[in-house]
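# Commentary on secondary and tertiary structure
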Amino acid sequence: MIKKKEYKFWFCTGSQDLYGEEVLRHVAAHSKEIVDELNRSGILPYEVVWKPVLITNQLIRQTFNEANADESCAGVITWMHTFSPAKSWILGLQEYRKPLMHLHTQYNEEIPYDSIDMDFMNENQAAHGDREYGHIVSRMRIERKVVVGYWKDDEVRQRIASWMRTAVGIMESSHIRVMRVADNMRNVAVTEGDKVEAQIKFGWEVDAYPVNEIAQSVNDVSDAEVNELLDEYYEKYNIILDGRDPGEFKKHVAVQARIELGFEKFLEEKNYQAIVTHFGDLGALKQLPGLAIQRLMEKGYGFGAEGDWKVAAMVRLMKIMTEGMKDAKGTSMMEDYTYNLVRGKEGILEAHMLEICPSIADGPISIRVKPLSMGDREDPARLVFTSKEGRGVAASLIDLGNRFRLILNEVECKKTEKPMPELPVATNFWTPYPDLYTGAEAWILAGGAHHTAFSYDLTVDQMADWAEMSGIEAVIIDKNTTIPAFKKDLKLGEVFYG
Ligand code: MN
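Cut-offs and rules
- Residues numbered from 1 in each chain as written.
- Predicted model: local features only at pLDDT ≥ 70, side-chain atom pairs only at ≥ 80, totals over all residues.
- Heavy atoms only, no water.
- Helix = DSSP H or I, 4+ residues; strand = E, 2+ residues; numbered from the N terminus.
- Buried < 20%, exposed > 50% of the residue type's maximum accessible area, 1.4 Å probe, protein only.
- Contact = heavy atoms within 4.5 Å.
- Areas by Shrake-Rupley, 256 points an atom, 1.4 Å probe, with all protein chains shown as cover.
- Lys, Arg positive; Asp, Glu negative; His and termini not counted.
- Charge placed at Lys NZ, Arg CZ, Asp CG, Glu CD.
- Pairing = 2+ DSSP bridges.
- Domains from an automatic or database assignment.
- Buried area = accessible area lost by both parts, 1.4 Å probe.
- Salt bridge = Lys/Arg side-chain N within 4 Å of Asp/Glu carboxyl O.
- Donors = N, O, S within 2.8 Å, 3.2 Å for Na, K, Ca; no water.
- Core = buried A, V, L, I, M, F, W, Y, C linked by side-chain atoms within 4.5 Å.

### Some thoughts on the overall build of the protein chain
Assigned secondary structure in the protein chain consists of 15 helices and 19 strands. Oriented by its inertia axes, the alpha-carbon framework of the protein chain measures out at about 85 × 50 × 40 Å. Taking all 498 residues of the protein chain together, 54% fall into the buried category. Pairs at least 24 residues apart make up 79% of the contacts formed inside the protein chain by residues separated by at least 6 positions. In the form shown here, the protein chain has an accessible surface area of approximately 22,000 Å², with 50% of it arising from carbon and sulfur atoms. Each charge class in the protein chain was averaged separately, 58 positive and 77 negative side chains, and the resulting centres sit 2 Å apart.

Given below as C-alpha cells:
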C-alpha cells in the first residue's frame, strides 16, 4: 500500500567568481565526485542530484524555485566549497519551501602539510564559507539540518540518510488523509484535538464518514474473495482454537477477512491512508475490526483506536518515514497498559484491545477468537504475538489548546520474564529511558497520551527534526533526561511556542 515515491535530493554547492575559472572547475568536479560517492555508498535511501555550482544571486534564486516546483525533489543539500557571500542567498532562501540541509564538509580530509599554500586555502575554505552561509540561514530563522564531518565518513552519510527520511516525512505529511468512521470516545480528552490546525501545521486531511457506509462496503465483499483471504490467513498464521469448535472459529475469522477487504476497498476508492475506529460505534459491523486493522496497518495504513486521528496520522507518517528500510523492525500504534514495578525489572506492558501491527512481531503469529469485555458485538478474531527486542521511539502528539506538542520517549523493548498464555492480544514490553520512574514522570508532566505511535526504525532525533520542520514543539525523554531539566524545557516551550 505504501507506494515508493522516487524522491530525490538536490546538491547545491556555493562559490563565487573571485577565484577564477580554474577554481570553479575544481569546485564543480569535487562536488560531482561527492555526489557520486554518496550515491554509490548504498547508505542513502534516496538519490542525490548534482546541480551546477551556484555563484550568482539570480542562479541561486532560480535553483531554489526549480526545487520548489519539482515534485520529485524532497529537499536541497547545500555546501559552500569556497566562500559564497551570503547576501546572494537571501532571495532564494526566502522563496524556498522544502526541507533544507547544510552539509558542512570539506573535499580534503587532511591538511596537506607539505604542499599547502594560499591557493589551496582559497579553494578549500568551507570552514570559512559555511559560516558565512550558516549566518544568513540563522538570521532568516530558517529551519535546517546541519551535518558536520567528512563526506566519506559512514557516520556522516548515516546522518544524511536519517535526515532524508525526515525530509520525506515532511513532504509526504500533506498527503496523509485520515478517515474517521466514528467520533472520539465519549469523555476522553487526550485523543481530541484541533483538526483544522492539524491541516494547517501538518497538511493532514481528517474526514468523518457514517460507520454504516463502510459497513456496506464490507457487506458487498463476495464470499469467494473472503474464502481466498481466509486460506491465506490459515496458511500464514497459527490457529489457536482455545477449545472452540473449528467451524465456528473459522466463521469468526471470516468476519475479519470480510472487514479487511471491505475497508481496504473503501479506503482505496476514497484515497485515505489512515483510519480510526471506535469499539462503541460499530453500526452494522459484526465485530470490532481487529485482525482486519492489524493487517491493514501491516500494509502501511495508519490507525488510531477510539477515534484517535492524531495517532492514526502519526502511525502513517512514521510508516512513510521508514518505507523501504532494509531490515526494518516495524511500526505500530501502541497503548501503555500495565506496569511491572518489580525493582530492576521495571517496564510497561504495551498492547491494545486488538489493534497492534504485526510488523513488530517476533516469532510466530497466531489467530485467536476471544470475547471483548467492551462493546456489544460478537467475539472478534485477532492476531496474537510478542514483539522484537531493541531500541525504539514512542511518540505522542497532543493538543495543548493553543498548539501541538510532540512528546518523544526512547524506549528499550524486551521480552517479558514469562509468557502470558491467558492474554489473547499482541504485546510489546519496554522500559522507557532513562528509567521507568523518570520516563513516566516526564511523560506525564509533558501531558503525553496513553496511545502512542511507535517505531523501532526511527530515532528521537529524526522525529524531533520532523517536529521542528513542522513548526511545533518537541520534547525528548531519553538517557540524558532529568526531571529538573525537563521541567525547564517545558517552561521554555511555553515561552517560545505558547
Ligand atoms: Mn485505546
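Having seen the model, we can carry on.
### A look at the pairing of strand β14 (residues 381-387)
Of all seven residues in β14, six are buried, a share of seventy percent or more. Summarising the sheet, strand β13 (residues 361-369) and β14 pair through six bridges and their orientation is antiparallel. Opposite S366, over in β14, you have V384 as the bridge partner.

### As for the domain arrangement of the protein chain
Assigned domains within the protein chain: domain 1 (8-173) and domain 2 (177-497). Computed over C-alpha atoms, the centres of domain 1 and domain 2 are 38 Å apart. On the side of domain 2, 16 residues touch domain 1, which itself brings 14 residues to the contact. Summed over both partners, the interface of domain 1 with domain 2 buries about 1,300 Å², with 56% contributed by carbon and sulfur atoms. Among the residues of domain 1 in contact with domain 2, R165, T166 and S173 are the three that bury the most area, contributing 47% of the side total. Our count for the domain 1 to domain 2 interface comes out at one salt bridge. A salt bridge links D465 to K145; its shortest N-O distance comes to 2.9 Å.

### A short note on the pattern of salt bridges
Counting across every chain of the model gives 26 salt bridges. When salt bridges that share partners are traced, they join E232, E260, E264, R295 and K299 into one network.

### Describing helix α13 (residues 436-446)
When we look at burial in α13, the residues that qualify are L436, T438, G439, A440, A442, W443 and A446. G447, located one to two residues past α13, shows a positive phi value of around 85°.

### Observations concerning the coordination of the manganese ion
Protein ligation of the manganese ion involves E306 (OE), E335 (OE), H352 (NE2) and H451 (NE2), the donor distances falling in the range 2.1 to 2.3 Å. Here the donor residues of the manganese ion share one chain and are spaced in sequence as E-x28-E-x16-H-x98-H. Pair noted here: H352 is in the loop between β12 (347-350) and β13 and H451 is in strand β18 (residues 451-455), with a separation of 99 residues, a long-range link. The same class applies to H352 and to H451, which are both buried.

### What about the nonpolar core?
Residues I160, W204, M314, L406 and M463 are the most contacted members of the largest nonpolar core, which totals 86 residues. Of the residues that make up this core, three or more belong to each of domain 1 (8-173) and domain 2 (177-497). If sequence neighbours within four positions are ignored, M314 has contacts with W204, L397, L406, A453, M463 and W466. Formed by 32 residues, the second largest nonpolar core is a distinct cluster that contains Y237, M334, I365 and A394.

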